[in-house]
Amino acid sequence: MKFAWGKGLVVAAAMTVSAPAWADVVVQIDKSSQRMAVSIDGAARYNWPVSTGRRGYGTPSGVFRPQAMVRRHYSRKYYNSPMPHSIFFYYGFAIHGTGELSRLDGPASHGCVRLHPSHAAALFALVQRTGPHNTRIQIN
């Protein structure tokens, strides 16, 4: 099989353009301040209010990787509650959007990390684009 030099360059260029963007995404959740900071390749990108687990429903602490991502999820455990743009990181715990915007900035959930729906959509798209294997979730 023969390849012309010009055709090889076109194929190589096409492969380069279609390759997914690589980046390290770090999601830092501070339960005491009820804030989420998101950085990409070490540069701060977002800082959003969240709601973590209320008394008796703690959000786990530690370092995690996304285990599953579901755009439109409904909780089977908690009354079919909507959990848009869910990023599951530890068993049934997820980062997801919420309609209870007045509860952001304070503990309110059953252990999940709740975000404004537009913030959850932005984070979901970022993790989907860069890949769950390039994403680290730190919860303190």
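Refer to the structure above for everything that follows.
Described in the following lines is the structure provided in the data block. (Residues numbered from 1 in each chain as written. Predicted model: local features only at pLDDT ≥ 70, side-chain atom pairs only at ≥ 80, totals over all residues. Heavy atoms only, no water.)

It is worth spelling out the pattern of salt bridges at this point. The tally for this structure, following the rule as stated, stands at 3 salt bridges. For the salt bridge of glutamate 100 with arginine 103, the shortest nitrogen-to-oxygen distance reads 3.4 Å. Accessibility expressed as a relative area gives 37% for glutamate 100, which makes it partly exposed. Overall, arginine 103 belongs to the partly exposed group, its relative accessible area being 38%. Where glutamate 100 meets arginine 114, a salt bridge forms, and the shortest distance between an N and an O atom there is 3.6 Å. Taken together, the positions of glutamate 100 in the loop between strand S7 (93-97) and strand S8 (113-115) and arginine 114 in strand S8 put the pair 14 residues apart, joining distant regions of the chain. (Salt bridge = Lys/Arg side-chain N within 4 Å of Asp/Glu carboxyl O. Buried < 20%, exposed > 50% of the residue type's maximum accessible area, 1.4 Å probe, protein only. Helix = DSSP H or I, 4+ residues; strand = E, 2+ residues; numbered from the N terminus.)

What follows is about the pairing of strand S9 (residues 135-139). Of all 5 residues in S9, 4 are buried, a share of seventy percent or more. Inspection of the sheet shows strand S1 (residues 25-30) paired to S9 by 5 bridges, in the parallel sense. Bridge pairing in S9 links isoleucine 29 to isoleucine 139. (Pairing = 2+ DSSP bridges.)

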